[in-house]
Structure formats: C-alpha cells, structure tokens
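# A structural walkthrough
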Amino acid sequence: MRADLEVAGPHGPIPVRVYEPAGQAEAVLVWAHGGGFRHGDLDMAEADMVSAELSRRANAIVFSVGYRLAVDGVRYPVPIDDVHTVWTWVTARDDLPNRRALGGASAGAALAIATALRTTPVQDAEVPAPRAAGDRPDLLLLAYPFAHFPTPMLGHGRTLDGVEDMVRNYVGRISDLPPDALPGAARLDGLPPAHILLSEFDDLRPSGELLERQLREVGVPAESFVAPGTTHGHLNRPHDVPDSVDASLGFFAAALRAPREAPRWLRREGEPRIEFGADYNPEQWPRAVWDDDVRAMREAGVTIVSLGIFSWARLEPAERRYDFGWLDEVIDLLHTNGILVDLATPTASPPPWLTTKHPEILPVDRDGRTVWPGARQHWRPTSPVFREHALRLVRVLAKRYADHPALAAWHVNNELGCHNVHDYSDDAARAFRIWLRERYTDLDGLNAAWGTDFWSQRYGEWEQILPPRHANGPVNPTQQLDFKRFSSDALKDHYLAERRILREITPDVPVTTNFMVAGPINEMNYPDWAAEVDFVANDHYTRPGPQSRDELSFSANLCGNLIPGRPWFLMEHSTSAVNWQPVNVPKLPGELARDSLTHVAHGADGVCFFQWRQSRAGAEKFHSAMLPHAGKSSAIFEAVTDLGARLRSLSAITGFSRTPSAVAVVIDYESWWAAEQDAHPTDRLRYRDEALDWYTALLDHGIRADVVPVAADLTGYRLVVAPILHLVPAALKQRLEDYVAGGGHLVTTYFSGIVDEFDHAWLGGYPGALRDLLGIRVEEFAPLLDGESAPLSNGAIGTLWSERVEVTDPATKVLAAYTGGGAAVTRREVGAGSAAYISTRLRPQGLLLILDDLLIPAGVTSELPPDLRGRVELAVRGPARFLINRTTDPVDLSAVAGAPETLPARGVVVLISPDTRG
Ligand code: GAL
C-alpha cells in the first residue's frame, strides 16, 4: 500500500511517499534516492521499486523522501535538512514500530549518513551534547554511497570533472567542504551499524569500501555486500542484472527485518528425540534403489538425512541451467516416509563447467602449484567468481525449498576448510591485505606487529605483502600466524555469506555447518566459529592408537562446550572402517554403539554417519556406511538398527547439555597454531597430544574433566589445566592471575606463557607472562632428542622437553625434581589458590604420578567407586549418568546402584534418574 503526503520543513513542504506492508509492520525506514544531488524523484526505481520491495520483504513502513534537489540555487545543506526533517517527524511518532532505519542510495546515502550524524552525540566532546535533534537510527542502509571528495581511487568511466561538477553544484565549491557534505570526512564515531551495498564494477566503489573501513576503525559495526556484475546505481536498473538486484534487496531486507532469535535446533514438530541418520547421496544410485533406501531407513529408525552435499553438477549441469526435478522427488519421498532433510548447499565441489570456464577459482598451494579439479574442495575461499556462482545457486536452492515441510536445517557447504583452507593465490593475497588493514590500520602497526626489521622485511606499501608462500627458510612467524587467523576467517566469511542468504529466505530454519573437531585438525578456530552457527555440528573419525577412544571423548566433550548449555549434532562418523588412513581397520563388535553413545554422553542430540549406502563407484567405495556393500544382511546393518532402537530409548535426555565437572582442560587454537610453528626449540611438539594426555590421565584417575575453549568462564572450576598455553596476551595473563587469586588452581606446562598475540616473546625469562604467577624462572629450554629422557624423582619419565627451573618465590614448592638435578614440577600457593608447572612431557603414566598432588589441594575427588576408576569413563548429562567401558574386558558394576551386574567390553550403560528428570 502506498500513499503520498507532505511534511512541513524549514524550506517548505517535503513530498514523502509512504509504503506499508500487508502484514504487521516491524520496522521503519526513511529512504533517500540517489541522483548526484541534482537528479531523481519518487518515481524512479531506486526510490519506488526499492521502497516497495523493502517494505514487502522486511515488513517495514518505508518513507521515501522527495528532498529538494540542488537545482535553481538550492544547495547544501537543504537536501540534508529535508531528510532530517522527515526523520525527526517519523521518529517523533509513537504509532510506528521501534526499529528505525535510515538509508539511501549514492548521493542519498550521503544524505542518510549526514542525517544520522545530526542525531549522534559527539562521544568525547567537552560538553556531551547531541549534534542535533532526532532519535539515533538503529541501522543505516547505504547503497553504493558517494561519501568522499576527493573520491578515492576513482576508476574509469566517471571523470574527475564529473565528480567535481557534482560537488560544486551541491556545495557551491570544491574546497573547504563542510564535513557532512560528503560525510566520509566527518567524525563517524557513534553512528549506528551500517550495511553497505556495493556495485561490483562501480567507479565509486572505493568510496563505499573506504567508508566501511573508516566506520570499523572508529568501532561502528559495518558490513558490506558486493552485488556481482553490477555498475553504479544498479538498483535503478532492476532488469539489467535481476539476480543481483534481488540479492541486493535481500541484503538490505535481512538487515532491516526485526531480529528474531535464531532457531537453535531443527525445524520440526513432535516429541523431542535423538535424531539418527546419515549423509544420503541418492544421485549415485538409480531411481529404483531410492525406494529400497527409504524402506531400510525406516527399519533402521533413521529420522534425518543430510542431502545434496556434492550435487552441484547435477543441480546446475550448465551455467544457470537448473535441474531440481530429481531432488524434488527425493525430498518428497523422504517426507512421505517421515524422514527430515538437513539440506546441504552443494558448494563444496564446484562442477567441471565452472572450473573450465573460470580456472581462476582454483586454489594455489604455497609452492605456487594449482590445485586442479579431480577430487573436491577445489575452490578459493576468497575468489569473488566462486562466491558469485556459489551464492547464486544457494539463493535458487533456498527459494525452492524454503517452505518444504521436510526441510529441518541448512547444512552449509561441507567441512569448510577441509583441503582448501590455506590458499596462497592472488585472490588470497588481496583478501589477506584487506584483513591486515582491518587488524593493524596502518603499515606502521603491521611492521611493528610482524617485527619486520628482522631480515629487512619492512613494508612500504600494502601491495608488497604476500601470503607466506614458499620461501628460502622460515617465513616471518607473525605473518604465518596472521595467515592462519586470516584463513580461518576467510572460510568463515564464506560461511557467513551463504548464511546471510539462507537466513534472509528462511529465517525459521537453523543454519549450521559440519565442523571437524577431531584429532590433529586445527585449521579453523572453532570456538570462534561457534558464535555463527545455530547449533554446533561435528564430524568425527577415530584414528587407531592407544588413546583413540579417549580422543573421541575429548573431541565430543569440546563440541559440548563450544556453545555452553546447548546440545549439538554429530553430523558424521563411521559405522566401521574409513578409506583414507594408511591402513583402514574395521570397528570391533560394540564399537559402533559405544562411539555413538559417547558422543551422546557429551551432549549430542543427533547421531549421523557418513554415509547411508556405501558407494559403488568413486573414491569412497571402501568407506563403511550404514548399509554396506554386503547389504542389509550384515553385522553392520544389524548394529545400526540396534543403535536406532537404543537412541529412541534415550529421548528423555534430549535438550540437556553436559553437566559441568570440577576440572577443565583448556584448548586454545591460537596457542596450538603458535606453539607448532617452525624455527622453534623442537619440531616434535604436538599441542593436542599434550592436552589429550592430561585428559587420559584424568580419566585413568576416574576424574571426568570438561574440555573448554580458553575464552570460557573458568571461575566455576576448582582445577584448570592449560597445557602448552603458548600465546598469552596481557588480558589472558590477567584473567589467569585473577582466577588463581580467587582461589582457583591452575596447572600449566612447558612452552606456556612464552609469546603475546603478536608472537613476540615476553621478556625477563620464561615462562614469560606466567613467570610471576608460577613463581619460577627459566633461562633456557632444553628439548630432548628422540630416545632421550629425563627421569624424575617420583619415578615419572620426561621426554621431548626439559628445563632448568629456578624457583623464585618462597611459596613455590618443588613437587618433583629431575634426578639429574633441578626442579621439574612446581606448585606455588597463592592464598586459597595455586599455580603449578610441569616442565617436561610426562605422558599419561607420568601425569598419573603427580595428579594427586594437584587434585587433592584443589578438593577434587573421583565420583566413581574405586574399582571402576580408570576402567570406566563417567559422563553426566542432565538426569543421565553414562558409564562407558574404556577397556576391552567386561567390568563388574555391582558397586553401582541401579546398574546391571556387568558392563560388557566396549559397552555403555546409561542410568537415568527419575528424580532429576527435567
Ligand atoms: C568427511 C566428509 C565426507 C566423507 C567422509 C569420509 O570428511 O565430509 O564427505 O568424505 O569424510 O570419512
């Protein structure tokens, strides 16, 4: 619905066109079209079409302002006065929704910013006062803003003369401009969050990009979207690049819409249950097989499948030619059979037509070699061309299935960062520089952070900076560390770009992506990513070895703490052997269920496998599945069906998260990255092995520990173990000191506290940032050669590392010494708390010998009967206690009330207490 009215202003009446949505209005937008301050009216597409569409898509009342143009002697600040007048008139009304935005296109964007500036108090002015009247907007929507003069890096097509003419016409001169005329020159602090739409081939694009950087620099949240294939003013030409105009309106509408709490679990109706299923790849099979599939799925108790993960080549067999018929049929078939769909955006593996047409999307390794198609994940996270094609398909897919009742969740891409996280291409170099500019603002900051006076690496231009490509020796360590941070962020950025579209089209469907919290995989900083998924989903595969089971528990445990208090989803694991290890051993009887239930014990409310039906062809034909080559008549299918039944019996525990323990093992991805860089005292150090050893030793002792990200709230823990906490910024140093001063007991190890966030050594002796807290000082590291060991006075044997530890504080006691002399394990009492240090690698056997010295003063005891300690892992989840057999023998449970007599080898018993059922 639209209506024309006039608002009285200081220069006379101002025409306003009002657009009302059909349903309940949730937001208000005051909008100013563009036209170089001299052209444009309320009928142009940029005013009329944009207002109508944003009103419809965001349930917003849009006020499109017919401000006075700079013609016939009208000049700055008259147009701003007009927009500002309408803004104050709108915001004074109390019959309108509370969420209020200001926006505009091109010159209109400049007017919107200038108006917002008038409502924004100057932060540190001597007398705090608003710059002028009117409520501060909640957000700004800025389409290809013309925000600067002189205009940065003006491109071809628009001559300097043209821009000068625009400015001279508007302000009357081109020098000594008022800061809010082209408001990039104004003080921007205090402005509301800005959503900046850029036209890809706009010669004014640098102005929008500079504005985004300026806003971020002063702490104003700003995000941008580049509309592919467009030129300046593209909203005014909706028929030229319809997809991009649609996406641009979607970008604004999603920002404008009143925020809703994102759904935190599947979109489905019915009683709570633990979901059960697999990746399902029906495109690999003839149609007739699908009916057998769904029949067998029902038999096994499957409730959900992840669909379409690698189906790009089938869904878009040629550019913009779509074939959704087969997927429609599969989804309908699943729905008819009561099976939910976790629908993947099929962007993990670009199809041959795309890589043939655009080989520039292929990643490049650090030696400069192209990563060719043939497998999967052959795309650069930073390629604008890949992004454009991927997002177009995501949009088409999301629109097609938005309302399908089977659609329960979005599965973005697949294992983002599997194979393509570290890309060294020119696209990556460009994006890396932008990322660095945001981090350091100027080159002096970067040069200082990277210590570039070492080896004559000082940078004079941003363009000189490269990813850490193959070089003649160790590359600058801070450059390497920043590249790791950047690479994790670049993939997250791709995830966010897909999510933005999915949220825009299906705000009620949760969005997630499958993490890889497993074994040595550390390229994505998942504690940081976790804030962006509606629920955590993880893929976990075991690797053979004595700590394989504990490693599974450790990873599951961390998944349960990435979003504290929320259940998570095991998106993939294997029913038996994988196909990608040097030797792929099958699981032993009982392991399939034990592994699954261990994940459930640590908070998983969904248990899925890769994959439903074992492939006949392709690189994974020897990877196990729920339905193996042998068919339904197989031990695997039987175990799968049993597991389905077992999970159904556990529905009472859904929604509960893990019950916290008294002990935490801290994981810090930045320390993990930094501690394992090259040119270090030893290249043998493995961060996660040390952390896992602590976890194993605690389980051996009968203690359940929480595995938590370093940013977690540690104050509730009696004992915090932070192994190899190598990178300690000043704020973390303070947090740990406060934790100990508050009565907490901290334990840390060799190579901790050594560097700050720039990877610069803390000076004065090791362990640097933690030296005073620990009451010790170390002058030199003494890593051990392979086969060398350092025996301790308590019988433990140190390997890998040793140190000459000097005790510097009388409150520091030596708990164990090296037999060759010198303190090896120390503990400093600090009031009711303490800080302990282990200077060598003790492995679980050695750690067991010192654990009592750490646990007893912290008041931590095992919750298990003595006979079960070490043999059984206890996990507590709401009303349930899980007893998991860690051995290959049966365990007598007669000491446990309510439990069966025996816990079989590789067995799991779940005891649900009726009293605590929530
Ligand atoms: C995962 C991947 C699956 C499958 C599986 C095999 O990394 O997401 O598509 O390849 O490994 O173990």
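Residue numbers run consecutively from 1 along every chain, following the written order of its sequence. Predicted model: local features are reported for residues with pLDDT of at least 70 only, side-chain atom pairs are reported and counted for 80 or more only, and whole-chain, interface and lining totals are derived from all residues. Excluding hydrogens and water, the side-chain figures rest on all heavy atoms present in the structure.

A few words on the overall build of the chain. The helix and strand inventory of the chain stands at 23 helices and 33 strands. For 918 residues, the compact-globule estimate of 2.2 N^0.38 gives 29 Å, and the C-alpha radius of gyration of the chain, at 30 Å, lies within 12% of that figure. Exposure is judged per residue with a 1.4 Å probe applied to protein chains only, and the accessible area is read against the type maximum: over 50% gives exposed, under 20% gives buried, and values in between give partly exposed. Here the chain holds 918 residues, and 59% of them are scored as buried. Taking as baseline every contact in the chain between residues at least 6 positions apart, the subset at least 24 positions apart corresponds to 73%. Charged-residue counts in this description rest on Lys and Arg as positive and Asp and Glu as negative, His and the chain ends being excluded. A charge is said to be at NZ when it belongs to Lys, at CZ for Arg, at CG for Asp and at CD for Glu. Of note, the chain has its 89 positive side-chain charges centred 2 Å away from the centre of its 120 negative side-chain charges. A run of H or I in DSSP counts as a helix once it spans at least four residues, and a run of E counts as a strand once it spans at least two, with each numbered from the N terminus. Radius of gyration: over C-alpha atoms. The globule rule applied is 2.2 Å multiplied by the number of residues raised to the 0.38 power. What makes two residues a contact is simply this: any of their non-hydrogen atoms within 4.5 Å.

As a further point, take the side chain of E53. Checked against the element boundaries, E53 lands in helix 1 (residues 48-58). At 2.9 Å, the side chain of E53 forms a polar contact with the side chain of R56. Pairs of N or O atoms are called polar contacts if they sit within 3.5 Å, as long as, within protein, a hydrogen donor faces a hydrogen acceptor (for residues adjacent in sequence, only side-chain-to-side-chain pairs).

Moving on, we come to the packing of helix 12 (residues 426-440) against helix 13 (residues 443-450). In a pair of packed helices, the angle between the axes and the distance between the axes together describe the arrangement. For the pair helix 12 and helix 13, the least separation of the axes is 8 Å and the interaxial angle reads 95°. Considering their axes alone, helix 12 and helix 13 lie roughly perpendicular with respect to each other. Facing helix 12, whose interface residues are F432, L436 and Y440, helix 13 presents G445, L446, A449 and W450. Here the contact of helix 12 with helix 13 is built from residues that sort into six nonpolar, one polar and no charged. The convention used is that axes are lines fitted to C-alpha atoms, helices contributing only their stretch in contact, and that angles between N-to-C directions extend from 0 to 180 degrees. Should an angle fall under 35 degrees it is taken as roughly parallel, and over 145 as roughly antiparallel, whereas 65 to 115 is taken as roughly perpendicular and any remaining angle as oblique. We call Asp, Glu, Lys and Arg charged. Ala, Val, Leu, Ile, Met, Phe, Trp, Tyr, Cys and Pro are nonpolar, and the rest, Gly among them, are polar.

So, on to unusual backbone geometry. Each neighbour pair has its own omega, and for Y76 with P77 the value is 0°, a cis peptide bond. Among the secondary structure elements, P77 is positioned in the loop between strand 4 (60-65) and helix 2 (78-92). Following F149, the chain continues into P150 via a peptide bond in cis, with omega recorded as -5°. As for its position among the elements, P150 is in the loop between strand 6 (139-143) and helix 4 (160-171). Positioned with a positive phi, Y144 is a non-glycine residue whose angle comes to about 30°.

Let us look at the side chain of D693. With respect to the helices, strands and loops of the structure, D693 is situated in helix 20 (residues 687-700). For D693, a relative accessible area of 1% corresponds to the buried category. For D693, the side chain forms a polar contact with the side chain of R841, separated by 2.7 Å. With near-sequence residues (within four places) excluded, D693 lies in contact with Q547, R841, R843, P844 and L847.

The share of residues in the chain with pLDDT of 70 or more is 97%, and the mean pLDDT across the chain is 95. You can read pLDDT as the predictor saying how much it trusts each residue, on a scale of 0 to 100. Taken element by element, the chain is modelled with least confidence in helix 4, mean pLDDT 84, and with most confidence in strand 20 (residues 719-722), mean pLDDT 99. This stretch, residues 125-132, has a pLDDT under 50; its non-local contacts, to residues over four places away or in other chains, come to 13 contacts.

Moving on, we come to the site of the ligand. Throughout this document, a residue counts as near a molecule or strand when at least one of its heavy atoms sits within 4 Å of that molecule or strand. Neighbouring the ligand are F310, R376, N414, E415, D539, Y541, E572, W580, F610, E620 and H623. Separating an oxygen atom of the ligand from a side-chain N or O atom of E415 is a distance of 2.4 Å. The contact in question runs from an oxygen atom of the ligand to an N or O atom on the side chain of E572, over 2.8 Å. Grouping the constituent residues of the shell around the ligand by class yields four nonpolar, two polar and five charged.

Let us now look at the nonpolar core. Ranked by size, the top nonpolar core spans 172 residues in total, and within it L327, L334, L343, W612 and F882 carry the most contacts. Residues within four places of L343 in sequence aside, it is in contact with L307, L327, I331, L397, Y401, L407, A409, W410 and H411. A32, F37, L111 and L142 belong to the second largest nonpolar core, which has 53 residues in total. In these notes, a set of buried Ala, Val, Leu, Ile, Met, Phe, Trp, Tyr and Cys residues joined through side-chain atoms within 4.5 Å is what counts as a nonpolar core.

With parallel pairing, nine strands are arranged side by side in an open sheet as 13-12-11-10-9-17-16-15-14. Two strands close off the open sheet at either side, each with one partner strand: strand 13 (511-512) and strand 14 (514-515). Sheet analysis places strand 10 (residues 304-307) next to strand 11 (residues 340-344), joined by four bridges and oriented parallel. When the bridges of strand 11 are listed, L307 appears paired with L343. What makes two strands pair is DSSP finding at least two bridges between them.

One ladder, built from five bridges, connects strand 26 (residues 812-817) with strand 27 (residues 823-830); its direction is antiparallel. The partner of A817 across the bridge, within strand 27, is A823.

This brings us to the pattern of salt bridges. Salt bridges are counted wherever a side-chain nitrogen of Lys or Arg sits within 4 Å of a carboxyl oxygen of Asp or Glu. Evaluation of the coordinates by the stated rule reveals 72 salt bridges. Of the charged contacts in the structure, one is a salt bridge between E209 and R205, with a shortest N-O distance of 2.8 Å. Here E209 pairs with R205, and both are found in helix 5 (residues 205-217), just four residues apart, close to one helical turn. We classify R205 as partly exposed; its relative accessible area is 22%. We note a salt bridge from E275 to R273, for which the minimum N-O separation is 3.0 Å. Judged by relative accessible area, E275 falls into the buried class, the value being 0%. Among the charged side chains, a network of salt bridges with common partners joins E53, R56, R57, D246, R395, K399 and E504.

Looking now at the sheet that holds strand 4. In space, the eight strands of this open sheet follow the order 1-2-4-3-5-6-7-8, with mixed pairing throughout. Looking at strand neighbours, the two that pair on one side only are strand 1 (2-9) and strand 8 (222-227), the edges of this open sheet. For this sheet the average axis-to-axis angle between neighbouring strands, irrespective of direction, equals 20°. One ladder, built from eight bridges, connects strand 1 with strand 2 (residues 12-19); its direction is antiparallel. Bridging from a neighbouring strand, A8 pairs with P13 of strand 2. Helix 5 rests against strand 6, strand 7 (194-199) and strand 8 of the sheet, and its axis sits at about 160° to strand 7.

To continue, consider the packing of helix 1 against helix 6 (residues 242-256). Across the interface, helix 1 lies against helix 6 with an axial gap of 9 Å and an inter-helix angle of 50°. Taken together, helix 1 and helix 6 sit at an angle that is classed as oblique. The chirality of how helix 1 crosses helix 6 is right-handed. Only V245, D246, L249, G250, F252, A253 and L256 of helix 6 make contact with helix 1, whose side of the interface consists of M49, V50, E53, L54, R57 and A58. Among the residues forming the contact of helix 1 with helix 6, the class breakdown is nine nonpolar, one polar and three charged. By the definition used in this description, the sense in which the near helix is turned from the far one sets the handedness, with an anticlockwise turn below a right angle giving left-handed and a clockwise turn giving right-handed.

Our next topic: the environment of R688. Here R688 lies in helix 20. Of the residues examined, R688 reaches a relative accessible area of 7% and is grouped as buried. As for R688 and G821, which are separated by 133 residues in sequence, their C-alpha atoms are 29 Å apart. Non-local contacts of R688, meaning those with residues more than four positions away in its chain, are made with A518, G519, E551, F554, S555, W672 and E676. A polar atom in the side chain of R688 sits 2.8 Å from the side chain of S555.

Counting buried residues along strand 7, six of its six residues qualify, which places the element largely inside the surrounding structure. The two faces of strand 7 match: A194, I196 and L198 on one face and H195, L197 and S199 on the other face are all buried. Pairing between strand 6 and strand 7: four bridges, direction parallel. Across the sheet, residue A143 finds its bridge partner in strand 7, namely L197. Note that strand 7 and strand 8 share six bridges and pair parallel. The residue of strand 8 that forms the bridge with A194 is A222. Handedness rule for crossovers: strands pointing away from the viewer, path from the first strand over the helix to the second running clockwise, crossover right-handed. In this fold, the crossover linking strand 7 to strand 8 by way of helix 5 has right-handed handedness.

Counting along an α-helix, one turn takes 3.6 residues, and residues three or four places apart therefore face a common direction. Given a rise of 1.5 Å per residue, 16 residues ought to cover 22 Å, and the 22 Å separating the end C-alpha atoms of helix 23 (residues 843-858) matches this to within 8%. When we look at burial in helix 23, the residues that qualify are P844, G846, L847, I850, L851, L854, L855 and A858. G859 sits one or two positions beyond helix 23 and adopts a positive phi of about 75°. Helix span, expected: 1.5 Å multiplied by one less than the number of residues in the helix.

Taking 1.5 Å per residue as the helical rise, helix 20 with its 14 residues ought to reach 20 Å, and the 20 Å between its terminal C-alpha atoms agrees with that figure. Counting buried positions along helix 20 gives twelve out of 14 residues, so the element sits mostly inside the fold. Within helix 20, the full set of buried residues consists of Y687, R688, E690, A691, L692, D693, W694, Y695, T696, A697, L698 and L699. Among the residues trailing helix 20, G702 stands out with phi positive, at a value near 85°.

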